[in-house]
Amino acid sequence: MELYISMKAENINPTMFKHVTMDMPSPQNNGYFIAEYREAQEEKILILHRYSSILEKKLQKVGYFLVEKFNNGIIVKKKVDESRDYMDEWEEWVEFSNALLEEFESFFDDV
């Protein structure tokens, strides 16, 4: 199984005022941390797809998460909390994503 971790956000539209003095927000907002769990074996992909709805329900209890199916596995997305330090959140996301990968791999080793 492979894990790909990333972050995606929307670009903020530039202001229509040319000469404004203020603190501008970061160039992106409405961000999501993304973890793609990719698998090559068809039977494991089917198990991941079946598990995705259960996983989403469990994750919704602890925060704003989305779980999506795609051809080679599942994608887990978490809304970036813009009130927290970005690097702290990113480090937590990397730890969470790797822990979930370990759980998947452990489960598939037992199957």
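Structure first, text after, so check above.
Each value, and the rule that gives it
Residues numbered from 1 in each chain as written. Predicted model: local features only at pLDDT ≥ 70, side-chain atom pairs only at ≥ 80, totals over all residues. Heavy atoms only, no water. Helix = DSSP H or I, 4+ residues; strand = E, 2+ residues; numbered from the N terminus. Buried < 20%, exposed > 50% of the residue type's maximum accessible area, 1.4 Å probe, protein only. Contact = heavy atoms within 4.5 Å. Areas by Shrake-Rupley, 256 points an atom, 1.4 Å probe, with all protein chains shown as cover. Salt bridge = Lys/Arg side-chain N within 4 Å of Asp/Glu carboxyl O. Phe/Tyr/Trp six-rings, centres within 6.5 Å; stacked < 30°, edge-to-face > 60°. Lys NZ or Arg CZ within 6 Å of the ring centre and 35° of its normal. Expected span 1.5 Å × (residues − 1). Bend = angle between axes of the 7 residues up to and from the residue.

Chemist: Go over the overall build of the protein chain, please, and point to the residues and values.
Modeler: The helix and strand inventory of the protein chain stands at two helices and four strands. Counting helices and strands in the order they occur from the N terminus, the protein chain gives β-β-α-β-β-α. When the 111 residues of the protein chain are sorted by exposure, 27% land in the buried category. A fraction of 63% describes how many contacts in the protein chain between residues 6 or more apart in sequence connect residues 24 or more apart. If you sum the accessible surface of the protein chain, you get close to 8000 Å²; carbon and sulfur atoms cover 51% of it.

Chemist: Any chance you could break down the pattern of salt bridges for me, citing the residues and the numbers?
Modeler: Tallied over the entire structure, the rule returns five salt bridges. Its salt-bridge partner being Glu68, residue Lys77 comes within 3.4 Å of it at the nearest N-O pair. Residue Glu68 is classed as partly exposed on the basis of its relative accessible area, which comes to 32%. The closest approach of N and O atoms between Lys78 and Glu89, which form a salt bridge, is 3.1 Å. Of the two residues, Lys78 is situated in strand E4 (residues 73–79) and Glu89 in helix H2 (residues 86–110); the sequence distance between them amounts to eleven residues. We classify Lys78 as partly exposed; its relative accessible area is 21%. One connected set of salt bridges, linked through shared partners, spans Glu2, Glu36 and Arg38.

Chemist: Account for the packing of aromatic side chains, naming residues and giving values.
Modeler: Tallied over the entire structure, the rule returns ten aromatic pairs. Aromatic pair Tyr37 and Phe104: ring centres 5.1 Å apart, planes at 85°, arrangement edge-to-face. Placement of Tyr37 in strand E2 (residues 28–38) and of Phe104 in helix H2 is noted, with a sequence separation of 67 residues between them. This pair shows no difference in class: Tyr37 is buried, exactly as Phe104 is. Here the aromatic cluster, defined as three or more aromatic residues joined through ring pairs, consists of Phe33, Phe65, Tyr86, Trp90, Trp93 and Phe96. It is Lys79 that lies over the ring of Tyr32; its NZ or CZ is 5.2 Å from the centre.

Chemist: Give me helix H1 (residues 42–60): which residues, what numbers.
Modeler: Here H1 contains 19 residues, and its C-alpha end-to-end distance of 27 Å stays within 8% of the 27 Å for a straight helix at 1.5 Å per residue. Of all bends in H1, the biggest is about 40°, found at Ser52. Among the residues making up H1, those that are buried are Ile45, Leu48, His49, Ser52, Leu55 and Leu59.

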